[in-house]
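The lines below spell out each chain.
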Amino acid sequence: MKPNYRRCISCRRIGLKEEFWRIVRVFPSGKVQLDQGMGRSAYICPQTSCLQVAQKKNRLGRSLHGTVPEAVYQELDQRLAQSNTQKNHI
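Keep in mind it's a predicted model, so treat the numbers as computed, not measured. (Residues numbered from 1 in each chain as written. Predicted model: local features only at pLDDT ≥ 70, side-chain atom pairs only at ≥ 80, totals over all residues. Heavy atoms only, no water.)

Caption draft 1: A look at the pattern of salt bridges. Scanning all chains against the criterion turns up two salt bridges. Measuring nitrogen to oxygen at the nearest pair gives 3.0 Å for the salt bridge that ties glutamate 19 to arginine 13. Owing to a relative accessible area of 35%, glutamate 19 belongs among the partly exposed residues under this scheme. The class for arginine 13 is partly exposed, based on a relative accessible area of 32%. A salt bridge links arginine 79 to aspartate 35; its shortest N-O distance comes to 2.4 Å. Here arginine 79, found in helix α3 (residues 70-89), pairs with aspartate 35, found in the loop between β4 (32-34) and β5 (39-44); they are 44 residues apart in sequence, far enough to count as distant. Classification of arginine 79 as partly exposed rests on a relative accessible area of 22%. (Salt bridge = Lys/Arg side-chain N within 4 Å of Asp/Glu carboxyl O. Buried < 20%, exposed > 50% of the residue type's maximum accessible area, 1.4 Å probe, protein only. Helix = DSSP H or I, 4+ residues; strand = E, 2+ residues; numbered from the N terminus.)

Caption draft 2: Just the sheet that holds β4, in detail. An order of β4-β3-β5 is seen for the three strands of this open sheet, with the pairing classed as antiparallel. A strand with exactly one partner marks an edge of an open sheet, and here the two such strands are β4 and β5. Taking each pair of neighbouring strands and ignoring which way they run, the sheet shows an average axis angle of 25°. With three bridges connecting them, strand β3 (residues 21-26) and β4 associate as antiparallel partners. What sits directly across from isoleucine 23, in β4, is leucine 34. (Pairing = 2+ DSSP bridges. Axes fitted to C-alpha atoms, helices over the stretch in contact; angles between N-to-C directions.)

Caption draft 3: Here's a closer look at the environment of threonine 67. Topologically, threonine 67 is positioned in the loop between α2 (59-64) and α3. Sequence separation of threonine 67 and glycine 30 is 37 residues, and the distance between their C-alpha atoms is 9.1 Å.

Caption draft 4: Representation of helix α1 (residues 48-56) within the structure. Those residues of α1 lying buried are Cys50, Leu51 and Ala54. Here the buried residues of α1 occupy an arc of 100° about the axis, which is enough to place them on one side. Relative to its buried face, α1 has exposed residues pointing more than 90 degrees away, namely Gln52 and Lys56. Of the residues flanking the end of α1, it is asparagine 58, one or two places downstream, whose phi is positive at about 55°. (Arc of directions from axis to C-beta.)

Caption draft 5: Structural context of the pairing of β3. The element β3 is largely enclosed, with a buried count of five among its six residues. Sheet topology note: the β3/β5 ladder contains six bridges and is antiparallel. Looking at the pairing, tryptophan 21 lines up with isoleucine 44 of β5. Count of turn residues in the β3/β4 antiparallel hairpin: five residues, of which glycine 30 carries a positive phi of about 85°.

This is how it looks when you write it as structure tokens:
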């Protein structure tokens, strides 16, 4: 089976789909959520720099063609903190 490649909306790095976080604007409600649902999707690297640039330049909002609530950025930030603490314990 052919691998699925995606591009980070922030740093433009291309990688396998599993390497990125997926943010979805669900159709038809327009609600923005993480990882699941059908609708317009955007992918971002699980890195602090990519998350900061995406938030500062509204890259998520532009690629999803809608507004992204602050709660989504906070949840991504929490995920990033959790993954960093897990890496430090290993």
